[in-house]
Number of protein chains: 2
Amino acid sequence: MKPSRPQQLFRKTVTMQPENQSSPVRWITDWMTPDGLWYRRNHYNYPASKVDGLQVVGAVRCPLTLSCEDIRSRPAKSVVSVMECAGNRRTLFRPRVYGVPWNEGAISQAEWTGVPLRDLLQEAGICSTAREVVCWGIDGEGKDKGPFARSLPLGKSLHPDTLVAYAQNGRLLSPEHGAPLRLIVPGWYAMASVKWLSRIEVVTEQFQGYYQKEDYHYYPFPHSDEGKRPVTVLRVNSLIRYPHDFSVLKTGHHRVEGLAWTGKGVIRRVEVSVDRGEHWHRARLQQRPWDHPYAWVQWSWNWKDLQPGKYEIWSRAADTAGRMQPLRAKWNRKGYGYNAVCRSRVQVE
Amino acid sequence: MKPSRPQQLFRKTVTMQPENQSSPVRWITDWMTPDGLWYRRNHYNYPASKVDGLQVVGAVRCPLTLSCEDIRSRPAKSVVSVMECAGNRRTLFRPRVYGVPWNEGAISQAEWTGVPLRDLLQEAGICSTAREVVCWGIDGEGKDKGPFARSLPLGKSLHPDTLVAYAQNGRLLSPEHGAPLRLIVPGWYAMASVKWLSRIEVVTEQFQGYYQKEDYHYYPFPHSDEGKRPVTVLRVNSLIRYPHDFSVLKTGHHRVEGLAWTGKGVIRRVEVSVDRGEHWHRARLQQRPWDHPYAWVQWSWNWKDLQPGKYEIWSRAADTAGRMQPLRAKWNRKGYGYNAVCRSRVQVE
């Protein structure tokens, strides 16, 4: 008989074709998501062809054609950043919405290494007529809505932490996560971090691609497109990792644990309530948010001398931009940006 | 870049200690669950000691002490049987209930090989005062509520398909599934199929163990134990494997697929409705139910010429014992035996 040993963790299939898998984020105790447990998010099957370099074209004075070696030989930068799919926790919206049914696992974290996109744009020389920077992947080439491409406003393109990355946690990117090159846009939802990046195009008009103009918008109404707004910056958010919703606990002491993250400023505090928001207790943060502003923070709070009964554990995070998780997430038709106070209901016996 | 290939499937962690993992049952196309994708259900950590044989004791004329080799050298019998945890789909009860939060994956299927329990009981010679047969595991030895043990009525103990099994799908049992010996009680919920079986005890009084008298009962009321009934036979049930609840489909043809199973008689028919039960369409069964009465049946129904809109796909199974899945599952405090009509809501674009 085997002695008890740590349980093996795996990704979970969310859709079969294309491959979408969630990360067992609740069970991972490392601050950095192990490579094999990263969530996978695809709009198409994996590309059949290979990207062998990067072009910088469009409204630039001097178009560039760079090999991957060119890019890897330049001064590198590393950034720790959470990566969260805009549809993470979509299944929690009420009324329910249609789409890839992500529960809590469309989020992971890594240290990314690459070259600031800014360095490449400055070398190419942006024309004064430039308006946006379109980042083209090769997934979905030849398909109606493809290839996958997203534009960034000039400001975010020129931000020193926006990277053309070639490494994740110190290893070259894997095919599933965009090898050889992908964009990393810290602080934004993950649709901006284009994988299998092959071309950077500076454009003078608003980009009209499907994933830019139709998908990845907050549509506040069920039957009209009125008031649609693009999905960009991560909302302030938290997850209770332990205890699990609707689990049964023993009396005594329990350490409530979780994660908190934001795309604006950094996490300022995390609070826990066990009486449906009447009292809030400050959680202890295990990382100093300013050390890695785009990273998630692990937090914990000691729940002492627990007595039999039913409880709701709530967590809410606040960031230095003055934002705090709401009690109810803003409903939107495509189910993006869920960030209501996280709830875990438990019975103590 | 990798060409597209079949997606790798994994088990999913449901609780960490003890180890409970669900099977990706929705995504498995084989009729038999591959060994590595079997769900794991534990009440305790894995036993540290090893079972080295089986005792048959109590109200018998001639107590037996059998080695595993003894048992494996006897005439063997194989039975294909679904194994479903009584708490499977517990998360679908409304109002919600507390307990291990199983979604759809606490079910798997294998061919089991072993010796009929009846053969051993007949060899030992059951006394006329006998009332039940208690099957003792060794998991939880020394704990308050342990070790895990369950009693069977004499009738089910003497049923020729109730096995002391040593092999699953032609291979010796793995440590996680009860090696070297486990009980297999076809047609009953899985709590009856005691793992790490070490002792068979014929008793003359009703067995009072925790997992027999308190746990694994249907408690119809939230705050009283009135009307409690033991969990035994599998309810008639079905699962829609494809399409996934709240997914988005393209127009055209789709093959609705699923599983159906029962513990009484065999599956008689499976029906699918796409108009909230107004019309029901007969699904095609891929196995002949009488060939393997304890097995699940794979079914499919061709949904033709699908037009844009929102639909609810419902499936319901009926068995030859005259039972049919209800529209609403019978609520019970511990969340056992969920078997409402299975629903998958989709949006067609």
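Bear in mind that the values here come from a model prediction, so they are computed numbers and not experimental data.

Enquirer: In this structure, what is going on with the overall build of chain A? I would like to understand it.
Expert: A count of helices and strands for chain A gives 4 helices and 23 strands. Taking 2.2 N^0.38 as the reference for a compact globule, 349 residues should give roughly 20 Å; the C-alpha atoms of chain A span a radius of gyration of 21 Å, in line with that estimate. The burial tally for chain A puts 60% of its 349 residues in the buried class. Total accessible area on chain A stands at roughly 14,600 Å², and carbon and sulfur atoms take up 49% of it.

Enquirer: Looking at this structure, how should I read the domain arrangement of chain A?
Expert: Accessible area lost upon the coming together of the parts serves often as the stated size of an interface. Residue and element names in this part refer to chain A. Domain boundaries assigned for chain A yield domain 1 (12-215) and domain 2 (237-348). Distance from the C-alpha centre of domain 1 to the C-alpha centre of domain 2: 28 Å. Taken residue by residue, the interface counts 36 residues in domain 1 and 29 residues in domain 2. Interface area for domain 1 against domain 2, summed over the two sides, is near 2,800 Å², with a carbon-plus-sulfur share of 56%. We note a salt bridge from K334 to D215, for which the minimum N-O separation is 2.9 Å. The interface formed by domain 1 and domain 2 contains 16 residue pairs in polar contact (both at pLDDT 80 or more). Residue classes in the side of domain 1 that touches domain 2 are distributed as 17 nonpolar, 9 polar and 10 charged.

Enquirer: Looking at this structure, I do not really get the sheet that holds strand β16 (residues 247-249) of chain B. What am I missing?
Expert: Strand pairing in a sheet takes place through backbone hydrogen bonds and is either antiparallel or parallel in direction. Residue and element names in this part refer to chain B. Judged by pairing direction, the sheet is mixed, and its 5 strands sit side by side in the order β16-β23-β22-β18-β19 without closing on themselves. The sheet terminates laterally at β16 and β19 (281-282), the two strands that pair on one side only. Direction of pairing for strand β18 (residues 267-273) relative to strand β22 (residues 309-319): antiparallel, over a ladder of 6 bridges. Bridge assignment links V270 to a residue of β22, and that residue is A317.

Enquirer: Sorry, what's going on with the UniProt feature "domain: Moybdenum cofactor oxidoreductase dimerisation" (unreviewed entry) in chain A here?
Expert: Here the UniProt-annotated "domain: Moybdenum cofactor oxidoreductase dimerisation" (unreviewed entry) positions come out as residues 231-348 of chain A. Secondary structure across residues 231-348 of chain A comprises 0% helix and 49% strand; the distance between its end C-alpha atoms is 40 Å.

Enquirer: Explanation requested: the interface of chain B and chain A in the structure shown.
Expert: Taken together, the contacts link 45 residues of chain B with 45 residues of chain A. Interface area, chain B with chain A, both sides summed: about 4,100 Å², of which 57% is carbon and sulfur. Taken together, the connections running from chain B to chain A amount to 14 residue pairs in polar contact (both at pLDDT 80 or more). Going through the elements one at a time, β1 (12-15), β2 (20-22), β16 and β23 (342-348) of chain B are the ones with two or more residues in the side of chain B that touches chain A. By residue number, the principal contributor to the side of chain B that touches chain A is β1 of chain B, which donates 4 residues. When the residues that make up the side of chain B that touches chain A are grouped by side-chain class, the tally is 20 nonpolar, 13 polar and 12 charged.

Enquirer: Where do I start with the pattern of salt bridges in this structure?
Expert: Once their charged atoms are close, side chains differing in charge can pair, the charge on each being opposite to the other. Residue and element names in this part refer to chain A. Throughout the structure, instances matching the rule amount to 37 salt bridges over all chains. The salt bridge partner of R171 is D35, with a shortest N-O separation of 2.8 Å. Note that R171 is positioned in strand β10 (residues 171-172) and D35 in the loop between β2 (20-22) and β3 (53-58), a separation of 136 residues in sequence. The class for R171 is partly exposed, based on a relative accessible area of 48%. A residue is classified by how much of its surface remains accessible, and D35, at 28% relative accessible area, is partly exposed. Across the pair R343 and E312 runs a salt bridge whose closest N-O atoms are separated by 3.3 Å. Of the two residues, R343 is situated in strand β23 (residues 342-348) and E312 in strand β22 (residues 309-319); the sequence distance between them amounts to 31 residues. When its relative accessible area of 9% is taken as the criterion, E312 is described as buried. One network of salt bridges, in which partners are shared, links E19, R40 and E176.

Enquirer: What exactly am I supposed to notice about the nonpolar core here?
Expert: L183, L197, I200 and W303 of chain A are the most contacted members of the largest nonpolar core, which totals 71 residues. Per-element accounting of this core gives the leading share, 5 residues, to strand β21 (residues 297-306) of chain A. Of the domains in this structure, domain 1 (12-215) and domain 2 (237-348) of chain A are the two that each give at least three residues to this core. Non-local contacts of I200 of chain A, meaning those with residues more than four positions away in its chain, are made with L54, Q55, V56, V57, L117, L121, V133, V134 and C135 of chain A. Formed by 69 residues, the second largest nonpolar core is a distinct cluster that contains V56, V60, A124 and V133 of chain B.

Enquirer: Looking at this model, I keep getting lost on the sheet that holds strand β12 (residues 197-203) of chain B. Mind explaining?
Expert: All names here are of chain B. Read from one edge of the open sheet, 5 strands run β4-β3-β12-β7-β8, paired in mixed fashion. Edge positions in the sheet fall to β4 (64-67) and β8 (149-153), since each has one partner strand and no second. Within this sheet the neighbouring strands show an average axis-to-axis angle of 15 degrees, counted without direction. With 6 bridges connecting them, strand β7 (residues 132-137) and β12 associate as antiparallel partners.

Enquirer: I tried to follow the relation of the copies chain B and chain A on my own but got confused; where do I start?
Expert: One copy of the chain maps onto the second through a rotation about an axis and a displacement along it. The two copies are related by a screw motion: chain B maps onto chain A through a turn of 180 degrees and a shift of 0.0 Å along the axis, at an RMSD of 0.0 Å. With respect to symmetry, the two chain copies, as superposed, fit the operation of a two-fold axis. The residues that chain B uses at the interface reappear at the interface of chain A in 100% of cases, marking a shared surface.

Enquirer: Whenever I open this one, the pairing of strand β15 (residues 237-242) of chain A confuses me. Can you help?
Expert: Each regular strand displays side chains that alternate between the two surfaces of the sheet. All names here are of chain A. Of all 6 residues making up β15, 5 are buried, and the element is well covered by its neighbours. In the sheet, β15 pairs with strand β17 (residues 252-261) via 5 bridges, with the strands oriented antiparallel. When the bridges of β17 are listed, I240 appears paired with G258.

Enquirer: Looking at this structure, how should I read helix α2 (residues 117-124) of chain A?
Expert: Because each turn of an α-helix spans 3.6 residues, side chains separated by three or four positions in sequence point in the same direction. Residue and element names in this part refer to chain A. Within α2 the residues assigned to the buried category are L117, L120, L121 and A124. Summarising the axial view, the buried residues of α2 lie within an arc of 95 degrees, below the 170-degree limit, and thus occupy one face. Taken from the residues just after α2, G125 is the one with a positive phi, measuring 80 degrees.

Enquirer: Mind showing me how you'd approach the packing of aromatic side chains here?
Expert: Geometrically, a pair of aromatic rings is defined through the distance of the ring centres and the angle of the planes. Taken as a whole and judged by the stated rule, the model has 29 aromatic pairs over all chains. Geometrically, the ring pair formed by Y44 of chain B and Y211 of chain B is edge-to-face, given 6.2 Å between the ring centres and 85 degrees between the ring planes. Residue Y44 of chain B is located in the loop between β2 and β3 (53-58), and its partner Y211 of chain B is located in helix α4 (residues 210-213); the two are separated by 167 residues in the primary sequence. Y211 of chain B carries the same exposure label as Y44 of chain B, and that label is buried. A connected cluster of aromatic rings, assembled from ring pairs, spans W38, Y39, W102 and W112 of chain A. Directly above the aromatic system of W136 of chain B lies the positively charged group of R199 of chain B, at a separation of 4.8 Å from the ring centroid.

Enquirer: Just checking my understanding: could you explain the side chain of R90 of chain B for this structure?
Expert: Residue and element names in this part refer to chain B. Relative to the helices and strands, R90 resides in the loop between β5 (77-84) and β6 (107-116). Of the side chains with opposite charge, D215 comes closest to the buried, unpaired R90, at an N-O distance of 6.5 Å. At a separation of 2.8 Å, a polar atom in the side chain of R90 contacts the main-chain carbonyl oxygen of V100. When residues no more than four places from it in sequence are discounted, the contact partners of R90 are V97, Y98, G99, V100, W102, K334, G335 and Y336.

Enquirer: Explain the side chain of T262 of chain A here, please?
Expert: All names here are of chain A. Among the structural elements, T262 can be located in the loop between β17 and β18 (267-273). A residue is classified by how much of its surface remains accessible, and T262, at 2% relative accessible area, is buried. There is a polar contact of 2.7 Å between the side chain of T262 and the side chain of D319. Side chain to side chain, T262 and R323 meet in a polar contact 2.9 Å long. Residues contacting T262, with those up to four places away along its chain left out, are L234, R235, V236, I267, D319 and R323.

What counts, and where the lines are drawn
Residues numbered from 1 in each chain as written. Chains lettered and ligands numbered in written order. Predicted model: local features only at pLDDT ≥ 70, side-chain atom pairs only at ≥ 80, totals over all residues. Heavy atoms only, no water. Helix = DSSP H or I, 4+ residues; strand = E, 2+ residues; numbered from the N terminus. Rg over C-alpha atoms; globule rule 2.2 N^0.38 Å. Buried < 20%, exposed > 50% of the residue type's maximum accessible area, 1.4 Å probe, protein only. Areas by Shrake-Rupley, 256 points an atom, 1.4 Å probe, with all protein chains shown as cover. Domains from an automatic or database assignment. Contact = heavy atoms within 4.5 Å. Buried area = accessible area lost by both parts, 1.4 Å probe. Salt bridge = Lys/Arg side-chain N within 4 Å of Asp/Glu carboxyl O. Polar contact = N/O pair within 3.5 Å; in protein donor to acceptor, adjacent residues only side chain to side chain. Nonpolar A, V, L, I, M, F, W, Y, C, P; charged D, E, K, R; others polar. Pairing = 2+ DSSP bridges. UniProt positions renumbered as here; feature names shortened; annotations may be inferred. Core = buried A, V, L, I, M, F, W, Y, C linked by side-chain atoms within 4.5 Å. Axes fitted to C-alpha atoms, helices over the stretch in contact; angles between N-to-C directions. Least-squares fit on C-alpha atoms with pLDDT ≥ 70 in both. Arc of directions from axis to C-beta. Phe/Tyr/Trp six-rings, centres within 6.5 Å; stacked < 30°, edge-to-face > 60°. Lys NZ or Arg CZ within 6 Å of the ring centre and 35° of its normal. Lys, Arg positive; Asp, Glu negative; His and termini not counted.

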